[in-house]
Each structure stands twice: as structure tokens, then as C-alpha cells.
Amino acid sequence: LLKNPEVLRDALIELERRRKAEEDAARARAVAEMAPKIYNSTRQVVVGNPAGKIVLVEFYDYNCGYCKRAFDDLGALIKKNPDLRVILKEFPVLGPNSIEAARVAHALRMQGGADKFWAFHQKLLTSRGQIGKAQALAAAKESGADMARLNKDIDSQEVNASLQEVMQMADALGLTGTPSYVVGDDVVVGAVGAAELQGKIDNLRKCGKTACG
């Protein structure tokens, strides 16, 4: 090793490559096993083209600065890809305020209407400062929510079940932060940018996988 220290470097690189490959394989298996809940749960909001053949799932937190930066990326992808079905999943990992905002979001989701939810979603992800219950309620009201119903639904069993479903899903997929995405059988962690996500979308159209060999 003293004579050839690059051997140790190469070994560490190979170990990291194998770890990443094993992690990716485990996540792909989890995506396959949980596909019904990931893609067709009744507890989610779909924007973009509801009948789109290409599907992008985003896990986000309204207090995540990276999610706020990635919001424009998502809008650009929807605009550029008319066949893109985007599924939004609340993943409140940044504390009590995030959980309260997610409860409001799920209560609003129960009222139906993707346009109403998207207006709410946009308002919160383009706002500065901490997002909690008060800010989420204000955004819901501005988007045209039935506030009497929403305030009743916030503490409902359906909202509790919705939050639990996403947390279980995220745990199975090995997600620890936001934003995180599912594209095909590929799990993408972090605000990787529109270009990288677009590349995966293009490959899905081309060969049915996010990476064409």
C-alpha cells in the first residue's frame, strides 16, 4: 500500500460503486413491490396529464428550500412534456410545521380538483419563511377551498391514514430527504434539476428505462 497507495483509492471507489448499485437495486425492488400505492393511490394529487404515459412522482416538504427551488423545474417539465403525469406526495420531514402544512394539504386534496390544489401548492412553494398551519390555511382559502369542511377534515382519520401511507412508502424506498422522485423504476434523491429528470423521461420514451444501454 505504501508503494502503491492508489490501490486503496481504487478499492474505496469500487466499494462505493457496489454500495450504490446495491442501494439502487433495493430501491427498484421496492418500487416494483409498492407500485399500486406509488402510482394509483386514492390519497394523492395528480397534475400535468392525468392520462400521461410517462409518470413522475415527487415527494416534497413545504419547508424544504430545495423543493422550493425545484418547483420551477417541475413546472417546466409539465410544460415541455404533454404526456407527463405528475403525482404529488406530501413527505413532511422537517418538523411540526411541515406536518401541520401537510395535514392542510391532505384535507384540501379530499375536496378534489387538481387546479385548486396546484394553486395551493404553488402558493406555498413560492412563499418565503416557515410554512405552518396558518400559512397553509391562508393558501387553501385563497385557492377557493371550502374552509368549514377543510377545518373539519384536518384531524380526520383519512388525513392520518394519508400521512402514514406516504411515510411507509418513503421508508420502503429508503428516502430520507426532499425532494425525492420516482421515475420509472428509478429513485432520484435530491434537487437534481430539470435537465437530469428530462433525460430520464426521454429515455423512458426511447427504451422504457431511465437509462438506455
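Analysis parameters
- Residues numbered from 1 in each chain as written.
- Predicted model: local features only at pLDDT ≥ 70, side-chain atom pairs only at ≥ 80, totals over all residues.
- Heavy atoms only, no water.
- Helix = DSSP H or I, 4+ residues; strand = E, 2+ residues; numbered from the N terminus.
- Buried < 20%, exposed > 50% of the residue type's maximum accessible area, 1.4 Å probe, protein only.
- Areas by Shrake-Rupley, 256 points an atom, 1.4 Å probe, with all protein chains shown as cover.
- Lys, Arg positive; Asp, Glu negative; His and termini not counted.
- Charge placed at Lys NZ, Arg CZ, Asp CG, Glu CD.
- Expected span 1.5 Å × (residues − 1).
- Arc of directions from axis to C-beta.
- Contact = heavy atoms within 4.5 Å.
- Pairing = 2+ DSSP bridges.
- Core = buried A, V, L, I, M, F, W, Y, C linked by side-chain atoms within 4.5 Å.
- Axes fitted to C-alpha atoms, helices over the stretch in contact; angles between N-to-C directions.
- Parallel < 35°, antiparallel > 145°, perpendicular 65-115°, else oblique.
- Nonpolar A, V, L, I, M, F, W, Y, C, P; charged D, E, K, R; others polar.

Draft legend 1. Inspection of the overall build of the protein at higher detail. Tallying secondary structure elements over the protein gives nine helices and five strands in all. Start at the N end of the protein and walk to the C end: the helices and strands fall as α-α-β-β-α-β-α-α-α-α-α-β-β-α. Principal-axis analysis of the C-alpha atoms gives the protein an extent of 75 × 40 × 30 Å. In the protein, buried positions account for 44% of the 213 residues. On the protein, roughly 11100 Å² of surface is accessible, and the fraction owed to carbon and sulfur atoms is 53%. Of note, the protein has its 30 positive side-chain charges centred 2 Å away from the centre of its 27 negative side-chain charges.

Draft legend 2. Looking closely at helix α5 (residues 114–125). Its 12 residues place the ends of α5 16 Å apart at the C-alpha level, agreeing with the 16 Å of an ideal helix rising 1.5 Å per residue. Buried within α5 are the following residues: Phe117, Phe120, His121, Leu124 and Leu125. Projected down its long axis, α5 shows its buried positions confined to an angular sector of 120 degrees, all on one face. Those residues of α5 that are buried lie in contact with β1 (45–48), β2 (54–60), α3 (65–80), β3 (84–90), α4 (96–109) and α6 (133–142).

Draft legend 3. Main features of the pairing of strand β5 (residues 186–189). Summarising the sheet, strand β4 (residues 180–183) and β5 pair through four bridges and their orientation is antiparallel. Considered in β5, the bridge of Val182 is made with Val187. What sits between the antiparallel neighbours β4 and β5 is a turn of two residues, in which Gly184 has the positive phi angle 60 degrees.

Draft legend 4. Layout of the nonpolar core. The biggest cluster of nonpolar side chains holds 42 residues, and the ones touching the most others in it are Leu56, Tyr62, Leu88, Val104, Phe117, Phe120 and Leu150. For this core, the element with the most residues is α4, which contributes six residues. Non-local contacts of Val104, meaning those with residues more than four positions away in its chain, are made with Phe120, Lys133, Ala136, Leu137, Ala140, Leu150 and Ile154. Residues Met34, Ile87, Phe91 and Leu173 belong to the second largest nonpolar core, which totals 17 residues.

Draft legend 5. Just the packing of α3 against α5, in detail. Viewed as axis vectors pointing N to C, α3 and α5 meet at an angle of 140 degrees, and their least axial separation amounts to 9 Å. Compared by their axis directions, α3 and α5 come out oblique. Contacts from Cys67, Lys68, Phe71, Leu74 and Ile78 in α3 reach Trp118, His121, Gln122, Leu124 and Leu125 in α5. Split by residue class, the contact of α3 with α5 holds seven nonpolar, two polar and one charged.

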